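Observations on the three-dimensional arrangement
Read off the chains here:
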Amino acid sequence: MEQPKLRCIKCKCEISGAHYNTPAGRYCVKCWDKVPARKKKMMEQLAMERLANMGRLFELANQRDKSNDNKIKQLNTDIVMIRKWIKRLLAPIMREVLKEEQQYFIEMLDQQVAEALRRALPHDV
Ligand SMILES: [Zn+2]
């Protein structure tokens, strides 16, 4: 089966090679350069909200069976996976920001992951 062609969400050009994969869709390099910093920030915010929603889902799943150790192990694995996933999601944005901002983003990401983990785990752990 033929792979569907990737297209820039802005100019609809066919994407081959380097591009920016954002929560809003894929951008070609030319179009990404024209995206205002404010919009790039919004995409980062969206990625964070997705992470928070994941945390809530884990919390719900966990409430159904708080005594299941395997579930907690699975949860921890999931959190690590989400952390990787969200970093990949943010990668195109990270490339666009200054070094100091990158440090700030990484700290924010760590806080979000810690918060999601804290909420997802049983309170007596
Ligand atoms: Zn484009």
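Residues numbered from 1 in each chain as written. Predicted model: local features only at pLDDT ≥ 70, side-chain atom pairs only at ≥ 80, totals over all residues.

Next up on the list: the overall build of the protein chain. When its secondary structure is counted, the protein chain shows four helices and two strands. Listing every helix and strand of the protein chain by position from the N terminus yields β-β-α-α-α-α. Within the protein chain, the fraction of its 125 residues that count as buried is 18%. Looking at the protein chain alone, contacts between residues at least 24 apart form 47% of all its contacts between residues at least 6 apart. (Helix = DSSP H or I, 4+ residues; strand = E, 2+ residues; numbered from the N terminus. Buried ≥ 20, exposed ≤ 12 C-beta atoms within 10 Å, placed from the backbone. Contact = placed C-beta atoms within 7 Å.)

Along the chain, tryptophan 32 turns up in helix α1 (residues 29-34). Look at tryptophan 32 and you get buried, because 20 C-beta atoms sit within 10 Å. Measuring from C-alpha to C-alpha, the distance between tryptophan 32 and cysteine 8 comes to 9.5 Å, with 24 residues separating the pair along the chain.

Here the focus is unusual backbone geometry. At lysine 12, a position not held by glycine, the phi torsion is positive, near 65 degrees. Of note, lysine 12 is situated in the segment before β1 (20-22). For lysine 12, a count of 10 C-beta atoms within 10 Å corresponds to the exposed category.

This next bit is on the nonpolar core. Grouped together as the largest cluster of nonpolar side chains are five residues: Leu51, Met54, Ile82, Ile86 and Leu89. Among the secondary structure elements, those contributing two or more residues to this core are α2 (37-64) and α3 (69-94). Per element, the largest residue contribution to this core is three residues, and it comes from α3. (Core = buried A, V, L, I, M, F, W, Y, C linked by C-beta atoms within 7 Å.)

Take the environment of glutamate 44 next. Tracing the backbone shows glutamate 44 in helix α2. Given 21 C-beta atoms within 10 Å, glutamate 44 falls into the buried group. Placed 42 residues apart in sequence, glutamate 44 and isoleucine 86 show a C-alpha to C-alpha distance of 9.6 Å.

Turning next to the confidence of the model for the protein chain. Scored by pLDDT, the protein chain has a mean of 72; 51% of the residues are at 70 or more. Between the elements of the protein chain, mean pLDDT differs from a low of 66, seen in helix α4 (residues 99-120), to a high of 87, seen in α1. (pLDDT = per-residue confidence, 0-100.)

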